[in-house]
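# Residue-level structural notes
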Amino acid sequence: MIAAYALPAMLIWAVLGIVLGALPLAPAALVVAALYAVGYGLSEATGRPGPRAPGTRWQVPQTMVTGLSRRRRLLIWGSILGPGFATRNPYAGFFLLPILVAAAGPAPAAVSLAAAIGLAHGTGRALALLRDARPGTAAADPMRLVLTSMHWRRLDGITLLVIAAAAAAACASRFS
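Described in the following lines is the structure provided in the data block. Everything numeric here is computed off the predicted structure, so don't read it as measured data. (Residues numbered from 1 in each chain as written. Predicted model: local features only at pLDDT ≥ 70, side-chain atom pairs only at ≥ 80, totals over all residues. Heavy atoms only, no water.)

### Here we look at a nonpolar patch on the surface
To be explicit about the condition: Nonpolar side chains (Val, Leu, Ile, Met, Phe, Trp, Tyr) within 5 Å and like charges within 9 Å form the patches, drawn only from residues with over 30% relative accessible area and no salt bridge. Methods summary: accessible areas were calculated by the Shrake-Rupley approach with a probe of 1.4 Å, and residue burial reflects only the protein chains presented. Salt bridges, as used here, are contacts in which a Lys or Arg side-chain nitrogen is within 4 Å of a carboxyl oxygen on Asp or Glu. Working definition: helices are DSSP H or I runs of at least four residues, strands are E runs of at least two. Numbering for both runs from the N terminus. Exposed residues in this analysis have more than 50% of their type's maximum accessible area, buried residues have under 20%, and partly exposed residues fall in between, with area computed by a 1.4 Å probe over protein chains only.
Where nonpolar side chains cluster on the molecular surface, the patch consists of Met-1, Ile-2, Leu-127, Leu-129 and Leu-130 and spans about 390 Å² of accessible area. For the nonpolar patch, the element with the highest residue contribution is helix α6 (residues 107-132), accounting for 3 residues. Relative to the assigned elements, Leu-127 resides in helix α6. Of the residues examined, Leu-127 reaches a relative accessible area of 44% and is grouped as partly exposed.

If you want it as structure tokens, here you go:
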């Protein structure tokens, strides 16, 4: 289960790292990362409504998995949901990750960072799915699910603010 999510995610993110690492985006991406992280970090850390996190509402269409074996369904779900691009993700921090890959610099650094992100995200998605499949988890209690989501959004916001500070410091050292 974990491999069906983590390996495709790692591969897709590594390809993104190859593409972004080949482009001369690092200095501009660092500025964009700082601005993005401040904008979304303030609203999420304070719990105030702010700009809605970028994302998609697309999930795996039922027609793609109907009539397939369990293994094939798992591979399709893992390949689409593991990388995180074609799924619901209410946390703004996720969409900072491709910007940080672009800011990583030359291709080897960008590919390494992207592959690590893909491995971590795919593994996290699979582990969350396994956790939520058990009875008595947050997924079974809507109010608990909302409270858990609020907690993680605040943590996401605080993390974004820390990243904004680090990106701003890196910008200051690069451009001074």
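Structure shown, so let's carry the discussion forward.
### Thoughts on helix α1 (residues 2-22)
To keep things clear, this is the line we draw: By definition here, a helix of n residues has an expected span of 1.5 Å times n minus one. Whether two residues are in contact is decided by their heavy atoms: any pair within 4.5 Å suffices.
Helix length check: α1, at 21 residues, gives a terminal C-alpha distance of 30 Å against a target of 30 Å (1.5 Å per residue), a fit within 8%. Among all positions in α1, only Ala-4, Tyr-5, Ala-6, Pro-8, Ala-9, Trp-13, Ala-14, Gly-17, Leu-20 and Gly-21 are buried. The elements touched by buried residues of α1 are α4 (70-81), α5 (93-103) and α6.

### With respect to the pattern of salt bridges
For side chains bearing opposite charge, pairing can occur when the charged atoms are close. Within the structure shown, the criterion is met by 1 salt bridge. Notably, a salt bridge pairs Glu-44 with Arg-153, separated by 3.3 Å at the nearest N-O pair. Of this pair, Glu-44 sits in helix α2 (residues 26-46) while Arg-153 sits in helix α7 (residues 142-175), placing them 109 residues apart in sequence. Looking at Glu-44, the relative accessible area reads 4%, which means it is buried. By relative accessible area, which is 32% here, Arg-153 ends up partly exposed.

### Quick notes on the side chain of His-121
Examined against the element boundaries, His-121 turns out to sit in helix α6. Residues contacting His-121, with those up to four places away along its chain left out, are Leu-81, Gly-82, Pro-83, Gly-84, Asn-89 and Phe-94.

### Section: α5
Burial of α5 is extensive: 9 of the 11 residues sit out of reach of the surface. Packed against the buried residues of α5 are α1, α2, α6 and α7. Once α5 finishes, Gly-105 follows within two positions and takes phi at roughly 105 degrees, a positive value.

### A few points about the packing of aromatic side chains
Selection criterion: Whether two aromatic rings pair depends on their centres lying within 6.5 Å, for rings of Phe, Tyr and Trp, where Trp uses its six-membered ring; planes under 30 degrees apart make the pair stacked, over 60 edge-to-face, and the rest tilted.
Scanning the model with the defined rule gives 5 aromatic pairs in all. Put simply, the rings of Trp-13, Phe-85, Phe-94 and Phe-95 pair up and form one aromatic cluster.

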